[in-house]
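Descriptive analysis of the structure
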Amino acid sequence: MIRINEITDKVASYIDKPDLDLIQKAYVFTAQAHLGQTRLSGEPYLSHPMSVANVLADMKLDEATVVAGLLHDTVEDTKATIDEIEELFGEEVADIVDGVTKISKMNFESKAIAQAENIRKMILAMAEDIRVLMVKLADRLHNMRTLDFQPSVKQRLISQETLEIYAPLANRLGLHRTKVELEDLCLKYLKPDVYAQIDQGIASHHTSGQEYIDKVIGLINDMLAENSIKGRVAGRTKHRYSIYTKMQQQELGLDQIFDLIAFRVIVPSLKDCYAALGLIHSIWKPVTGRFKDYISIPKANMYQSVHTTVIGPDGERIEIQIRTEEMNRVAEYGVAAHWQYKEKGKKGSNRDAERFTWLRQILDWQRDLNDPREFMASLRIDLFQDEVYVFTPRGDIKELPEGATPVDFAYAVHSKVGDHCAGAKVNGRLVPLGTPLKNGDRVEIISDNNRKPSRDWLKFVKTARARTRIKQYIRTEERDRSISLAKELLEKEGRKLGVNFAKAMKDGHFHKLAEEFNFPSVDELLSQVGYARLTPRKVLQKLYGMLHVGEKLMDEPKKSAEAAPAPAEEPAKSKKGEGIKISGVDDVLVRFASCCNPLPGEPIVGYITRGRGVTIHASDCTNIKGFEPERLVSVSWDGVEDKPYPAKIRIVCRNFKGALAQVTALLTSDNVNIDSGTFQSNVDGNAVMEFTVEVTNLKQLYDVLGKIRHVESVTEAVRVS
């Protein structure tokens, strides 16, 4: 376990006259508060806050943040209170701890809503003090480092949330080291087969790769020296997650990734950056479209550097980043490198505040979102994208995600400009509204007060702000239609059951009925019927049960109220997906999506289809991004039996006699049935086998893939979705 002296020594190395007594005092308080508590690993719980504080010290943060790291779990997990923290350690520390404290004690309809509200609260706290997020990231980093001790289902849930929210937030703050480590750890738990494959490839590449790195470093150093430029050069293998994303985006195998190595040139001044770039381009041919100048236009997270990809020695593609020492410090430590709390009691300057304009934008549009799932979907869109920088006709810069269109630009200017966007000019030329914008484009929007947002815009807009405003407009129209449809359906079903729907509405019974279903209004209840989340029969059955005997809602006056039979329950529809529990939905057909083939043990989500029940997708299925958030429902595995589920796998091996038999024998020995498959020989002497196999859960699938990967002739064995 980390010792408190290690933490105080680190703080003393970068802060002049630090308040080490406050850190020591927090250590004693935390040790006493968590006394007797242990983690799943069996270690004393104290090891966690100590590790969090150590991560914060590595980021070179102030004493208040390090102290908050030591205390961050005391309010939630012990008898300590915020008032006590404030009394002992001051208001500044107490505010950070309060911002970090989880909301697990609050009750929510589902885990998805709990997660969304947790993230929403965190972002609101960040707006007050960005150090809240710094502590939260350090907390999540240590939890990811010790994730081995969690059950496999929880490993995947935590990793998915980390990959979608925390790693992008670390990137937004410029915390490169934290981002890289979080992404690699997430890949390890979400795609263990792919992680092992890349790990193995990097290991085999290391020996020859190091020789190549040394060769290129020597050539660049000689070139700098010959031109009297002082500098240093470093080379490294790219991290695993960046290799994985490149394989996904370009549909390449690991053996087809040639630029596994990246180089960094650190020079004294801005002038030297461009001088070094010119020298590198003079000896190695640059790759078209692979040059980016983040010095002239820095990223939102303050990152500055020149990136270029060239055809280096031996025809290898290599990426080179050129920056100054100060730029390198910002690239490594992000917001911590320009820390705004170095002087106690002083808040940040206007320049500091400008660095977090993206945070204020998130806060602006999140206030308009009531559905937590839609909030999460929009947040993922805004955090994940790289940026492009475009200009207004007046010359102001607008930062947008990569692939953004004139419609995104229009909404970035003002919501009314977006709502009435009728056309656009880019660099003086009329372009379609779905045209992706490029760095440096000058954009002018043509407005028409008669123009309204179109559903087609959702096919190409990239920003959460634009998507949210368009959906709000469409939802308002659809809600009106769904309420009208619900009234028709209830009136029609009411005639079958002998219930006078119009009279029940007039007499106010639907207000009570809305309360029974936990809806805030009658319109909300009706819209749920119109969206097919509730059946008309179920609503009328509930209404029938509420009514007193003497109320004349029956259309059959000759029958006494006592004699009137209760409407019969609809027969339960057969389910193709037994073992699935659906939040708020009963008696509905369940199907498993063939695009991702979810397996027991992996996070899942349901999507209400029109006329085909609920389709179950894996939470990380790429198709979910295009779904309407209001039709997503929380689902979970419920009492799953050991029955087979389909999964697709791909195996690449050397093509020799008996290769297929070798693989099928391993599958058979692990009780994995092959449902279908293909076998293809390639000119490079390799064979590609793709099978649909039947497994009982995720663990069985990854176990058998691990065994196949250890076969000497196999170069790749992964799950395919």
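Heads up: the structure comes first, above all this text.
All values derive from a computational prediction rather than experimental measurement. Chains are numbered independently. Their residues run from 1 in the order of the written sequence. Owing to the predicted nature of the model, reporting of local features is limited to residues with pLDDT of at least 70; listing and counting of side-chain atom pairs is limited to 80 or more, with chain, interface and lining totals taken over all residues. No hydrogens and no water enter the side-chain calculation; it runs on all heavy atoms of the structure.

**Focus: the environment of Glu183**
Selection rule: Under the DSSP-based scheme used, a helix requires at least four consecutive residues in state H or I and a strand at least two consecutive residues in state E, with every element numbered from the N terminus. Pairing of N or O atoms within 3.5 Å defines a polar contact, subject to two protein rules: one partner must be a possible hydrogen donor and the other a possible acceptor, and residues neighboring in sequence count only if both atoms are side-chain atoms.
Mapped onto the elements of the fold, Glu183 is located in helix H11 (residues 176-190). On a C-alpha basis, the gap between Glu183 and Ser159 in space is 8.8 Å, while along the polypeptide they are 24 residues apart. Within polar-contact distance, the side chain of Glu183 engages the side chain of His239 at 3.1 Å.

**Remarks on the sheet that holds strand E16 (residues 632-633)**
Just so we agree on the cut-off: At least two bridges found by DSSP between two strands is the condition for calling them paired.
Strands sit in the order E13-E15-E14-E16 across an open sheet of four strands; the sheet is mixed. With partners counted over all chains shown, the strands left at the sheet margins are strand E13 (590-592) and E16, one partner each. In this sheet, strand E15 (residues 614-618) lies alongside strand E14 (residues 604-608) in antiparallel orientation, the contact comprising five bridges. Counted as the bridge partner of Tyr607 is Thr615 from E15.

**Observations regarding the nonpolar core**
Let me state the cut-off plainly: Here, the term nonpolar core denotes a set of buried Ala, Val, Leu, Ile, Met, Phe, Trp, Tyr and Cys residues that are joined through side-chain atoms within 4.5 Å. Classification of residues uses two cut-offs on accessible area relative to the type maximum, computed with a 1.4 Å probe and protein chains only: under 20% is buried, over 50% is exposed, and between them is partly exposed. Residue contacts are defined here by distance: any two heavy atoms, one from each residue, within 4.5 Å place the two residues in contact.
Within the largest apolar cluster, 66 residues are counted, with the highest numbers of intra-cluster contacts made by Leu56, Leu71, Ile85 and Phe89. Among the elements that make up this core, the one with the highest residue count is helix H9 (residues 131-145) (eight residues). When sequence neighbours within four positions are dropped, the list of residues in contact with Leu56 reads Tyr14, Leu61, Thr65, Val66, Gly69, Met134, Val135 and Ala138.

**Comments concerning the sheet that holds strand E11 (residues 443-447)**
Threshold: In this analysis an axis means a line fitted to C-alpha atoms, helices contributing only their contacting stretch, and an angle means the value between N-to-C directions, from 0 to 180 degrees.
Taken in spatial order, the three strands make up an open sheet running E10-E9-E11, and their pairing is antiparallel. On the outer flanks of this sheet lie strand E10 (429-431) and E11, each paired with one strand and no other. The sheet shows a mean angle of 35° between the axes of neighbouring strands, taken without regard to direction. Sheet topology note: the strand E9 (residues 421-426)/E10 ladder contains three bridges and is antiparallel. Looking across to E10, one finds that Lys425 is bridged to Leu430. Where helix H19 (residues 406-413) meets the sheet, its contacts fall on E9, E10 and E11, and the angle it forms with E11 comes to roughly 80°.

**Here we look at the packing of helix H26 (residues 659-669) against helix H27 (residues 698-709)**
Two quantities define a packed helix pair, namely the angle between the axes and the distance from one axis to the other. Stated precisely, the cut-off is as follows: Two helices that cross are described as forming a left-handed crossing if the nearer one is turned anticlockwise from the farther one by less than a right angle, and a right-handed crossing if clockwise. Each residue gets one label: Ala, Val, Leu, Ile, Met, Phe, Trp, Tyr, Cys and Pro are nonpolar, Asp, Glu, Lys and Arg are charged, and the others, such as Gly, are polar.
Across the interface, H26 lies against H27 with an axial gap of 10 Å and an inter-helix angle of 145°. For H26 against H27, the interelement crossing comes out right-handed. When H26 is examined against H27, the residues Val663, Leu666 and Leu667 are found in contact with a partner set consisting of Val704, Lys707 and Ile708. Here the residues of the contact of H26 with H27 are counted per class, giving five nonpolar, no polar and one charged.

**Looking at the packing of aromatic side chains**
Two aromatic rings, taken as a pair, are described by how far apart their centres are and by the angle between their planes. Put simply, the rule is: Working definition: a ring pair exists when centres of Phe, Tyr or Trp rings (six-membered ring for Trp) sit within 6.5 Å. Plane angles under 30 degrees give stacked, over 60 give edge-to-face, the rest tilted. In this scheme, the term charge over a ring applies when either NZ of a lysine or CZ of an arginine sits within 6 Å of the ring centre and within 35 degrees of the ring normal.
Using the criterion set out here, one finds eight aromatic pairs in the structure. Seen in terms of ring centroids, Phe29 and Phe89 are 5.7 Å apart; in terms of plane orientation they differ by 80°. Their pairing is edge-to-face. Here Phe29, found in helix H2 (residues 20-33), pairs with Phe89, found in helix H6 (residues 82-89); they are 60 residues apart in sequence, far enough to count as distant. In terms of burial, Phe29 and Phe89 fall into one category: buried. Their ring planes at 45° and their centres at 6.0 Å tell us that Tyr241 and Tyr244 sit as a pair that is tilted. Residue Tyr241 and its partner Tyr244 are located together in helix H13 (residues 240-250), separated by three residues, close to a single helical turn. With relative accessibility at 13%, the residue Tyr241 sits in the buried group. Among the residues examined, Tyr244 registers a relative accessible area of 13% and is labelled buried. Directly above the aromatic system of Phe89 lies the positively charged group of Lys25, at a separation of 5.4 Å from the ring centroid.

**Considering the state of the cysteines**
Using the following cut-off: Throughout, disulfides are identified as pairs of cysteine sulfur atoms within 2.5 Å of each other.
Scanning all chains against the criterion turns up zero disulfides. Of the cysteine sulfurs around Cys595, a residue in no disulfide, the closest is that of Cys621, at 3.6 Å. For Cys595, a relative accessible area of 30% gives the class partly exposed.

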